[in-house]
Amino acid sequence: MTQTTSYIAWTRDQMAARIANDIEDGAVVNIGIGMPELVANHLSPNKEILLHSENGILGMGPKPAADAVDPDLINAGKQPVTLLDGGAFFDHSLSFAMMRGGHLDIAILGAFQVAENGDIANWSTGKPGAIPAVGGAMDLAVGARQVFVMMEHLTKDGQSKLVHRCTYPLTGLGCVTRVYTDLAVLDVTADGFAVRELCPGLTLEALAALSGLALTATSHPNA
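Computed from a predicted structure; not experimentally measured.

### Examining the overall build of the protein
For step 1, the next point in the chain: Within the protein, the regular secondary structure consists of 4 helices and 13 strands.
For step 2, the next point in the chain: Over its C-alpha trace the protein gives a radius of gyration of 17 Å, about what one expects of a compact globule, namely 17 Å for 223 residues.
For step 3, the next point in the chain: By its C-alpha atoms, the protein is 55 × 40 × 30 Å across when sized along the principal axes.
For step 4, the next point in the chain: Taken across its 223 residues, the protein has 46% of its residues classed as buried.
For step 5, the next point in the chain: Looking at the protein alone, contacts between residues at least 24 apart form 61% of all its contacts between residues at least 6 apart.
For step 6, the next point in the chain: In the structure as shown, the protein presents an accessible area of about 11,100 Å², 53% of it carried by carbon and sulfur atoms.
For step 7, the next point in the chain: For the protein, the distance from the average position of its 13 positive side-chain charges to the average position of its 23 negative side-chain charges is 5 Å.

### Regarding unusual backbone geometry
Excluding glycine, residues mostly carry a negative phi; peptide bonds, for their part, are mostly trans.
For step 1, the next point in the chain: The phi angle at K78 is positive, at roughly 65 degrees, despite the residue not being glycine.
For step 2, the next point in the chain: Structurally, the position occupied by K78 is in the loop between strand 3 (57-60) and strand 4 (83-89).

### Some words on the sheet that holds strand 13 (residues 216-217)
To summarise the sheet geometry, strands pair through backbone hydrogen bonds and adopt either a parallel or an antiparallel arrangement.
For step 1, the next point in the chain: Here we have 10 strands laid out as an open sheet, ordered 4-3-2-1-5-8-10-11-12-13, and mixed in their pairing. Pairing within the sheet leaves two strands with one partner each, and these edge strands are strand 4 and strand 13.
For step 2, the next point in the chain: Sheet topology places strand 11 (residues 184-189) next to strand 12 (residues 192-198); 6 bridges connect them, and they run antiparallel. The partner of T189 across the bridge, within strand 12, is G192.

### As for the environment of E205
For step 1, the next point in the chain: Inspection of the secondary structure assignment puts E205 in helix 4 (residues 204-211).
For step 2, the next point in the chain: Among the residues examined, E205 registers a relative accessible area of 54% and is labelled exposed.
For step 3, the next point in the chain: When the C-alpha atoms of E205 and A133 are compared, they prove to be 36 Å apart, with 72 residues separating the residues in sequence.

Scoring rules and cut-offs
Residues numbered from 1 in each chain as written. Predicted model: local features only at pLDDT ≥ 70, side-chain atom pairs only at ≥ 80, totals over all residues. Heavy atoms only, no water. Helix = DSSP H or I, 4+ residues; strand = E, 2+ residues; numbered from the N terminus. Rg over C-alpha atoms; globule rule 2.2 N^0.38 Å. Buried < 20%, exposed > 50% of the residue type's maximum accessible area, 1.4 Å probe, protein only. Contact = heavy atoms within 4.5 Å. Areas by Shrake-Rupley, 256 points an atom, 1.4 Å probe, with all protein chains shown as cover. Lys, Arg positive; Asp, Glu negative; His and termini not counted. Charge placed at Lys NZ, Arg CZ, Asp CG, Glu CD. Pairing = 2+ DSSP bridges.

Written as structure tokens, this is what we have:
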């Protein structure tokens, strides 16, 4: 039996730091609601990266200190944010025109499931009492040049969020570029998921067993 219990999963901040490191200088990036919001706190000051929020902000900075919160300055998830020099505000129509018009280099989204072919489901599990709220996720999924997903690898009951085919309502088809979980970083390729990096102590075979999928590895030295 494959041993899968000796690894050390990455924290959410470590996941966010890995994403931030992969964002190229000059990129225009939408930060999604939830875990992706942490990415803003890990961007290098040596890179000029414009963060977009669908409620009409371009040029967001990191999370403000507790004594510097402006209640009128929030992102799409109603969380307080800061604004960098040169930042701008605008209405929803212009914001969604940016999203739908291919002006975003990267969208960073959370997800309930990501399929081998790049499909993403991130707005509803269909559970009784759940309130579906797709928001602008569909627009981001199809409008951004690249889609990065940040999520826990397993559900609370130990099921993989990486799947052969999504069983939840879809957000976008074949749109995911790369997935960052607490266990691995994976690219979506024509042949399925290709592992770029593994958390400490985890093997490719153990990750495949946890995921219930056949996985390949890139040439990355940690994979």
